[in-house]
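Descriptive analysis of the structure
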Amino acid sequence: GISLNKKQIADYIKIISGQKSFLHGVKQHKYQMKFKLRGIYVKNNALFFRFTLDNKTQLGYKIDFMRFYIKDKKQAKRTAIQEREIHPLLLNILPGKGKDTGKIIIAAFKKFSIADDKNFVIEMMEKDGDRNFRLEVPQRKFLKAKVLPLLHQK
């Protein structure tokens, strides 16, 4: 459902992994670890999210799975929570750069938007462990998304 082929997506992942972070404030610090949203990028009808996971402990962190969904910010009393799960087209986990033993996580989705009263929620679960993370991305962060440049054809 997107107009990018696999090679183009792989090239964009390479570009995104080397970008400096421009989004701030969407993070979670727990277990001497930091899980942060570093950027949102748009190309054609694809949306790319770049996360970092920094681990300051001697225990490694193996990601079991990540869950992405859109959820209401507030729940009225005695009403059902409305959640709509979104499946990534691609989820890529790269080793981090620099002195930290972190990871760079890039998720690609078919382009979507959310309403003011909703959040995009990311949950990351540890394999055989209980160190789980959760980020809530408000709609205003989507408005800061950067457009990726054209790829040079060889």
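In short, a report on the structure. Source: prediction; values computed, not measured.

Some points on the pairing of strand S7 (residues 103–110)
The buried fraction of S7 is high, at 6 of 8 residues. Sheet topology places strand S3 (residues 46–55) next to S7; 8 bridges connect them, and they run antiparallel. Pairing of Arg50 across the sheet is with Ile106, part of S7. Two strands pair when backbone bridges link them, and strand S6 (residues 90–95) and S7 are joined in this way by 6 bridges, in the antiparallel orientation. Of the residues in S7, the one forming a bridge with Leu94 is Ile104.

Examining the nonpolar core
A general feature of soluble globular proteins is that nonpolar side chains tend to end up buried together. Grouped together as the largest cluster of nonpolar side chains are 42 residues, with contacts concentrated most on Phe35, Phe48, Phe49, Phe112 and Phe120. Beyond its immediate sequence surroundings of up to four residues, Phe112 is in contact with Leu47, Phe49, Ile70, Ile86, Phe120 and Phe142.

Some details on the environment of Ile63
Its location among the elements puts Ile63 in strand S4 (residues 63–72). Spatially, the C-alpha atom of Ile63 lies 9.4 Å from that of Asp128, the residues being 65 residues apart in sequence. Filtering out sequence-adjacent residues up to four positions away, Ile63 remains in contact with Ile93, Lys103, Ile105, Met124, Met125 and Lys127.

Some thoughts on the pattern of salt bridges
A side chain of one charge can pair with a side chain of the opposite charge when the charged atoms of the two come close. Taken as a whole, this structure holds 7 salt bridges when the rule is applied. Close ionic contact of Arg67 with Glu83 constitutes a salt bridge, the shortest N to O distance being 2.9 Å. Taken as a pair, Arg67 in strand S4 and Glu83 in strand S5 (residues 83–85) lie far apart in primary sequence, 16 residues in all. Since its relative accessible area comes to 22%, Arg67 is described here as partly exposed. For Glu83, a relative accessible area of 41% translates into the label partly exposed. Residue Asp72 pairs with Lys118 through a salt bridge whose shortest N-O separation is 2.5 Å. In this pair, Asp72 is assigned in strand S4 and Lys118 in strand S8 (residues 118–126), connecting sequence segments 46 residues apart. In this structure, a network of salt bridges that share partners links the residues Arg67, Glu83, Glu85, Glu123, Arg134 and Glu136.

Side note on helix H1 (residues 6–17)
Compared with an ideal rise of 1.5 Å per residue, which puts 12 residues at 16 Å, H1 spans 16 Å between its outermost C-alpha atoms and is within 8% of the ideal. Among all positions in H1, only Ile9, Tyr12, Ile13, Ile16 and Ser17 are buried. Seen along its axis, H1 keeps its buried residues to an arc of 130°; they face one direction. In H1, the exposed positions angled more than 90 degrees off the buried face are occupied by Lys7 and Lys14. Residues of H1 that are buried sit in contact with strand S2 (33–43), S3, S6 and S7.

Remarks on the packing of aromatic side chains
Evaluated as defined, the whole model comprises 16 aromatic pairs. Relative to Phe133, the ring of Phe35 lies with its centre 5.9 Å away and its plane at 55°, an arrangement referred to as tilted. Of the two residues, Phe35 is situated in strand S2 and Phe133 in strand S9 (residues 133–138); the sequence distance between them amounts to 98 residues. Its relative accessible area of 0% is what places Phe35 among the buried residues. By way of ring pairs, the aromatic residues Tyr31, Phe35, Phe49, Phe51, Phe68, Phe109, Phe112, Phe120, Phe133 and Phe142 are connected into one cluster.

The rules behind each value
Residues numbered from 1 in each chain as written. Predicted model: local features only at pLDDT ≥ 70, side-chain atom pairs only at ≥ 80, totals over all residues. Heavy atoms only, no water. Buried < 20%, exposed > 50% of the residue type's maximum accessible area, 1.4 Å probe, protein only. Helix = DSSP H or I, 4+ residues; strand = E, 2+ residues; numbered from the N terminus. Pairing = 2+ DSSP bridges. Core = buried A, V, L, I, M, F, W, Y, C linked by side-chain atoms within 4.5 Å. Contact = heavy atoms within 4.5 Å. Salt bridge = Lys/Arg side-chain N within 4 Å of Asp/Glu carboxyl O. Expected span 1.5 Å × (residues − 1). Arc of directions from axis to C-beta. Phe/Tyr/Trp six-rings, centres within 6.5 Å; stacked < 30°, edge-to-face > 60°.

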